[in-house]
Amino acid sequence: MTKVKFFNGEDIPLELHKVRVVQKLHLVPIERRLDAIKEAGFNTFRLSTKDVFLDMLTDSGTNAMSDNQIAAMFQADDAYAGSQSFDKYQQAVEDVLGKKYLLPVHQGRAAENVISKTFIKPGNVIPMNYHFTTALAHILDVGGKIAELLYDDALILKSTNPFKGNIDIDKLEKCIEENGVDNIPFIRMEASTNLIGGQPFSMANLMDVRRVADKYGIMLVLDASLIGENAYLIKQREDAWKENSLADIIKTMTGLADLVYFSARKLSSSRGGGICTNRKELYNKMEALIPLYEGFLTYGGISVREIEAIAVGLRETLDETMISQSPRFIEFVVNELDSKGIPVVTPPGVLGAHVDAGSFCPHIPQTEYPAGALAAAFYLISGVRGMERGTISSVRDENGEEILADAELLRLAIPRRVFTLSQVKYVIDRLEWLYQNRDMIGGLKFTYEPPVLRFFMGGLEPTSDWPSKLMEKIRKDFGDSL
Ligand code: F0G
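Our subject in this report is the structure included herewith. (Residues numbered from 1 in each chain as written. Predicted model: local features only at pLDDT ≥ 70, side-chain atom pairs only at ≥ 80, totals over all residues. Heavy atoms only, no water.)

A separate point is the overall build of the chain. The secondary structure content of the chain amounts to 20 helices and 12 strands. Here the C-alpha radius of gyration of the chain, 22 Å, is about what a compact globule of 482 residues would show, namely 23 Å. If you line up the chain on its principal axes, its C-alpha atoms span 65 × 55 × 45 Å. Put simply, the chain has 482 residues, and 60% of those count as buried. (Helix = DSSP H or I, 4+ residues; strand = E, 2+ residues; numbered from the N terminus. Rg over C-alpha atoms; globule rule 2.2 N^0.38 Å. Buried < 20%, exposed > 50% of the residue type's maximum accessible area, 1.4 Å probe, protein only.)

So, on to the packing of helix α17 (residues 370-382) against helix α20 (residues 466-478). Closest axis-to-axis distance for the α17/α20 pair is 10 Å, and the angle between their directions is 35 degrees. The way α17 lies across α20 gives a crossing that is right-handed. Residues A373, A376, A377, L380 and I381 of α17 form the contact with α20, whose own contacting residues are W466, P467, L470, I474 and F478. Taken together, the residues of the contact of α17 with α20 break down into 10 nonpolar, no polar and no charged. (Axes fitted to C-alpha atoms, helices over the stretch in contact; angles between N-to-C directions. Left-handed = near helix turned anticlockwise from the far one by under 90°. Contact = heavy atoms within 4.5 Å. Nonpolar A, V, L, I, M, F, W, Y, C, P; charged D, E, K, R; others polar.)

A separate point is unusual backbone geometry. Cis geometry is found at the peptide bond from T346 to P347, where omega equals -5 degrees. Checked against the element boundaries, P347 lands in the loop between α15 (325-339) and β8 (352-356). Phi is positive for F42, close to 50 degrees, though the residue is something other than glycine. With respect to the secondary-structure elements, F42 resides in the loop between α1 (30-39) and α2 (67-73). Of note in the backbone geometry, S269 takes a positive phi value of approximately 55 degrees without being a glycine. Following the sequence through the fold, S269 ends up in the loop between α10 (264-267) and β7 (273-277). The exposure class assigned to S269 is buried, which follows from its relative accessible area of 4%.

What follows is the structure in C-alpha cells.
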C-alpha cells in the first residue's frame, strides 16, 4: 500500500520515510544567479552546486541512500580480486534480476561501451523503442545506426497513453525484414524510456518483442537502469499485473531479455553498473573487455563500498514504499502544473517532471534551443537546476547539420526521497511565475560545441540581452524576499 488517503480529499504524496542526515542548501541572490549561469555558459551542467538551491539535474547518483545501504558500506571487503562484496552483488543480481552471470562496470555507459564493442559491427542497425544519449554515442562510435520504433502517438507530449515507451511491433518486423537479420545484432528496449519523459513500456509489449526476437533469432537487450519505476507503473497501469509483487514483475521483465544492463547510479541509489545474463556464451564474449576498460572482474571500476550499497539497494528496489516515492511526487507536480495550464508531459512518468519547452516558449525556434533557454531562465527565477533534454542533447548529422530533437523538454528530476513537499511546491510556484512571463525568455547559441555528447560541457550565450531583463522583472516582482 503506497497511497495514503487524506480525509480532506487532497491527493498528497505522503513521505513514508524520515530524514536523518541533512545537507544545507544555498538559495543565492538573483544577481549571483545571473553571474553563475553566465559563468556556466548557460549550461546547467556547468553550474557549481554552491550556486544551486534544489538540484533537479538528474537522479543519477543523487537518490537518497538508505540507512541499511550506508551500514553495508562499512562491511566492504577491500580486495582487488575475489572480494566478498562482489559475491553479495552477484547474489543480489541473481535474486532480484534473475541472472546468474554478472560483469561489473563503473557505470551504465561503460556497459553500453562493452556491449557495443562486443556485438555491433559497422553498418549494423539496432532497433529500439528510443535512444538514450550515451547508448546512441556508443553505437555510433562503433559504426552502428539506430532505428527508433515507438508508436506514432508516443511523441504527443500531452496524452493519456499509459505506455508511451512501447515499441511498435509492426515497425519492428518491418525494420528486421528491410535490414536483414544478419545486420541486426540485437533489439534494445529501455525501461522507463528516459528521453521522451520517463515513459514506461507495458509487459504485454515486452512479451511481443520477445516473440519477434524468437521468430528471427535476434538477441534482446534490456536497459534496466529505471526498471524499478517501470515495474511500478506496470503494476499501476496494466490490469494483468495489478496483483503481482514488484519482485515478480521485475523478474518477468528481465527473464524476457537475453542481456540486461544497468546504471546502478539510477537503479540502486549508489554508483557503478552491471551487465548480466543467463547465457554463458554471451558472458564469455564480453568478459575480456572488463579488465581492459573497467578493472578486475570482481570490482569493474566500482569501489567495494559502493558494491555493498548496490547489493542492498537492488533488494530495496522491490519495496513499493521506496520505489513509488519519486513517481508519486512526479505525479503530484505534473498534475499541479497541468491544472495550471503549464505544458508538461503527461501521463506523469518517472525520473522527473518534464516541462514541454516547445509549447512553453513557442516563440523560440528549435535552432535556438528552447529547452536550454527555459532551463537557464528557470534557474534565474528559482535557483533550481533542471536539465535540457532537447536539441542541445541531440547530435549533428554527417553534414554537420543539427538533428532537431523530437521533443524540447526541461527535465526537473525528482530523485528518490531527497526533496520535501514544500520544496516541490516552490518549484511549481516559480514555474507558474515564469509561465506568465514566458515571452521574456529568448534563445541561445553555441560559443563552444564539443564534438561528442556536446550537452555535457558545451558553452552557450543568449541571442539577446533577455537574461538581464528577466532578472530586472524578477527583482521588481519579488523584491528582496527571494
Ligand atoms: N541508460 C539510461 C536509461 C540512463 O538514464 C542512463 C543515464 C544511462 C543508461 C547511462 O548511465 O550515467 O551511469 O553512465 N542517465 C542519467 C540521466 C545520466 O541523467 O538521465 P550512466
